[in-house]
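One letter stands for each residue in the lines below.
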Amino acid sequence: MSFWKKLFGKKNAQPEEVLETQEGLEQEEALGEQEEDPVIKEEIESMMKQEAALQEAEEEPEIEVEPEIEEEPEIEVEPEVEVQSEIEEEIDEDEEYQWEEGEWETGETEAEIADQSPLDYLLAEQEEQQTEELEKPKKKGLFSKLLDGLTKTRDNILGGVEDVLKSFKKIDEELYEELEEVLIMADFGVETTQRIMDNLREIVKERKIVDPEELKGALQEIITEILTSQVNTPIIVDDRPNVVLIIGVNGAGKTTSIGKLSHQLTSDGKKVVLAAADTFRAAAIEQLQIWADRANVDLIKQAEGSDPASVVFDAIASAKSKNADVLICDTAGRLQNKVNLMKELEKISRVIEREYPEAHKEVLIVLDATTGQNAISQVKVFKEAANVDGIILTKLDGTAKGGAVVGICSSLNVPVKYIGVGETIDDLQVFDPESFARALFQTTETSEE
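Bear in mind the structure is a predicted one, so any value in this text is a computation, not a measurement.

Definitions and cut-offs
- Residues numbered from 1 in each chain as written.
- Predicted model: local features only at pLDDT ≥ 70, side-chain atom pairs only at ≥ 80, totals over all residues.
- Heavy atoms only, no water.
- Helix = DSSP H or I, 4+ residues; strand = E, 2+ residues; numbered from the N terminus.
- Contact = heavy atoms within 4.5 Å.
- Pairing = 2+ DSSP bridges.
- Axes fitted to C-alpha atoms, helices over the stretch in contact; angles between N-to-C directions.
- Buried < 20%, exposed > 50% of the residue type's maximum accessible area, 1.4 Å probe, protein only.
- Salt bridge = Lys/Arg side-chain N within 4 Å of Asp/Glu carboxyl O.
- pLDDT = per-residue confidence, 0-100.
- Polar contact = N/O pair within 3.5 Å; in protein donor to acceptor, adjacent residues only side chain to side chain.
- Patch = residues over 30% accessible without salt bridge, like charges linked within 9 Å, V, L, I, M, F, W, Y side chains within 5 Å.
- Areas by Shrake-Rupley, 256 points an atom, 1.4 Å probe, with all protein chains shown as cover.
- Lys, Arg positive; Asp, Glu negative; His and termini not counted.
- Charge placed at Lys NZ, Arg CZ, Asp CG, Glu CD.

## Some details on the environment of G251
Mapped onto the elements of the fold, G251 is located in the loop between β3 (242-247) and α10 (254-267). In the structure, G251 is positioned 116 residues away from L367 in sequence and 9.2 Å away in space, judged by C-alpha atoms. In this view, G251 contacts D368 and K395; residues no more than four positions away in its chain are not counted.

Written as structure tokens, this is what we have:
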């Protein structure tokens, strides 16, 4: 090959890179022509729409799943687990309640605790302990109320006795005379005071007491013995229905005592029905209705001036139909007309015996402690009209002559069953002779110690 041919041959030759570039441009031009084709363009657009639809379909479940995953932690599982774990730790720390093979370490079997879990058993024990703790202050509060209610009587008796004992350095007849005067001034009564002084002389001789200060303890022993000499049985029995007939002069506190007694019985779980058989005293029925509403008990009543025995008859029928535990009957207290009073009480008693023979009957007389020794004469009069089983002594907080209680127990064969030491609905207390005697000779400071 000649030189020129070789030269022109190289000149017309193209490198590989140039050839590849030309081929790429030719392909792009072919593609451009294809894109301009309407059929191909429609296919491309439909494919793009399908891809967009698929993307939207894939995104929708993600929106529904996310809130469900976020809401799951909101379920109150963690607090319950925490509380349970804390209680279980408390049970584990207390060795007394460890559960081992179906038994408590205290010896109680699973059957004996009625299939209770360790947690339920622990909670029940805690509740029982709290109940016992609440009852302790209640008992203590009863004596505190008695102590406060007898303040005037205690100041009169205890103050007088201490003044006498401090003024003597030895025990002689003059000391006995002054002590006797103190007791009479506290309304113990002449007969009761004489009995106390005779017993005091015997104790001094038997124990060879020479210190006057020791006489105060001896007096408390004698008074306690007198107060406990009467057999004091409960007014309510549990094996049958009960009828409580309340008698007493007007103004002694009959209606108030009935209301307080009703409240006390209902608080003990008894079902009570009241009979407004005092149909002659003005506003007696309305007053008893107020107390019935306070104690939340039923009241059987008729129009003012009705036959008291008729009211009691209706009340017995109501008590039977309602299966009541206690029927309390209010009665008139017209002591100034003793003949009519006796006839009325006798008629009521006959109705009760005829219509309610299965019931346990109790007749309680209400006495005003402020009347002192006059209360004893009232009991004697009412005993002629009815068989008096017990005494409710009211208004002890308002008198300095509470020694009448000792005189009543000493001279009458009728026990004191309730005493009123305040004006609120829960101030009627079952008479406790030992507590009463202790309250007469105990100051508030001593009780707190």
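## Details of the sheet that holds β3
On the basis of which strands lie adjacent, the open sheet formed by eight strands has the order β5-β4-β6-β3-β7-β8-β9-β10 and mixed pairing. Only two strands of the sheet have a single partner each, and these edge strands are β5 (298-300) and β10 (428-430). Ignoring which end each strand starts from, the neighbouring axes of this sheet average 25° apart. Pairing analysis gives three bridges linking strand β4 (residues 272-276) to β5, with the strands arranged parallel. By the bridge assignment for β5, A275 is matched with I300.

## Re the pairing of strand β9 (residues 416-420)
For a regular strand, the rule is simple: side chains alternate between the two faces of the sheet. Burial analysis of β9 places five of its five residues in the buried class, which makes it a mostly covered element. Relative to β9, strand β8 (residues 390-394) runs parallel, the two being bridged by three bridges. The residue bridging L393 from the neighbouring strand is I419, located in β9. The sheet contact formed by β9 and β10 spans three bridges and is antiparallel. Bridge pairing in β10 places I419 opposite Q429.

## Considerations on the pattern of salt bridges
All told, the structure shown has 12 salt bridges when counted by the stated rule. A salt bridge links E173 to R201, with the nearest nitrogen and oxygen atoms 2.7 Å apart. A residue pair is termed long-range when its members are at least 10 positions apart, and E173 in helix α7 (residues 173-185) and R201 in helix α8 (residues 190-207) qualify at 28 residues. Taken together, the salt bridges that share partners define one network made up of K254, D278, R281 and D330.

## Let's talk about the confidence of the model for the chain
Residues of the chain with pLDDT of at least 70 account for 67%, and the chain-wide mean is 76. Confidence drops under pLDDT 50 across residues 60-73; counting only partners more than four residues distant or on other chains, this segment forms zero contacts. A low-confidence stretch, residues 133-140 (pLDDT under 50), is modelled with zero contacts involving residues beyond four sequence positions or located in other chains.

## Observations regarding the side chain of T394
For T394, the position within the fold is in strand β8. Overall, the relative accessible area of 6% leaves T394 in the buried class. Here the side chain of T394 touches A252 through a polar contact of 2.8 Å, landing on its backbone oxygen. Excluding its chain neighbours within four sequence positions, the residues that come into contact with T394 are A252, G253, S257, V366, L367, D368, A369 and G420.

## Overview of helix α15 (residues 404-411)
For α15, a buried count of six out of eight residues is recorded, marking the element as mostly surrounded by other parts of the structure. Among all positions in α15, only A404, V405, V406, G407, I408 and C409 are buried.

## Things to note about a negative patch on the surface
Taken together, the side chains of E174, E177, E178 and E181 make up a negatively charged region of the molecular surface. Following the sequence through the fold, E181 ends up in helix α7.

## Side note on the side chain of K254
By the element assignment, K254 lies in helix α10. In this structure the side chain of K254 is engaged in a polar contact, spanning 3.2 Å, whose partner is the side chain of D330. Those residues within four positions of K254 in sequence are excluded, and the remaining contacts are I246, I247, G248, V249, D278, D330, T331, G333 and V366.

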